[in-house]
Amino acid sequence: MKIEFIKWLSRISIILSIFLASFGIYIIIKDAEILEGFMYIFLAFTISIDHWIKLFKNKK
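Residues numbered from 1 in each chain as written. Predicted model: local features only at pLDDT ≥ 70, side-chain atom pairs only at ≥ 80, totals over all residues. Heavy atoms only, no water.

Visitor: Got a minute to help me understand the environment of S13 in this structure?
Guide: Within the element layout of this structure, S13 appears in helix α1 (residues 2-31). In this view, S13 contacts I47, S48 and H51; residues no more than four positions away in its chain are not counted. (Helix = DSSP H or I, 4+ residues; strand = E, 2+ residues; numbered from the N terminus. Contact = heavy atoms within 4.5 Å.)

Visitor: Hey, could you run me through the packing of aromatic side chains in this one?
Guide: Aromatic ring pairs are defined here through the distance separating the ring centres and the angle between the ring planes. Within the structure shown, the criterion is met by 3 aromatic pairs. Seen from their ring centres, F19 and F23 are 6.2 Å apart, and the 15 degrees between their planes marks the pair as stacked. In this pair, F19 and F23 are both assigned in helix α1, 4 residues apart and thus about one turn of the helix distant. Between F23 and Y40, the ring centres sit 5.0 Å apart and the planes meet at 80 degrees, which makes this aromatic pair edge-to-face. Of this pair, F23 sits in helix α1 while Y40 sits in helix α2 (residues 34-59); the two residues are 17 residues apart in sequence, bridging distant segments of the chain. (Phe/Tyr/Trp six-rings, centres within 6.5 Å; stacked < 30°, edge-to-face > 60°.)

Visitor: Where do I start with α1 in this structure?
Guide: Along its 30 residues, α1 runs 42 Å from first to last C-alpha, staying within 8% of the 44 Å computed at 1.5 Å per residue. Looking at α1, one finds that the buried residues are S10, S13, I14, S17, L20, G24 and I27. One or two positions beyond α1, positive phi appears at A32, with a value near 60 degrees. (Expected span 1.5 Å × (residues − 1). Buried < 20%, exposed > 50% of the residue type's maximum accessible area, 1.4 Å probe, protein only.)

Here it is as structure tokens:
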């Protein structure tokens, strides 16, 4: 059960990072707030970089 919970949290983290990155791009395009947009993109990157690496490492 603990393994399933960790996998579930990993998927939620990846979904959250996609949402934050797309929201950052939206802010840059719509409001021209470059600094705020890059902050969201950087936050998305830092939240789940480890999960993305594990996801692509398992595919090989």
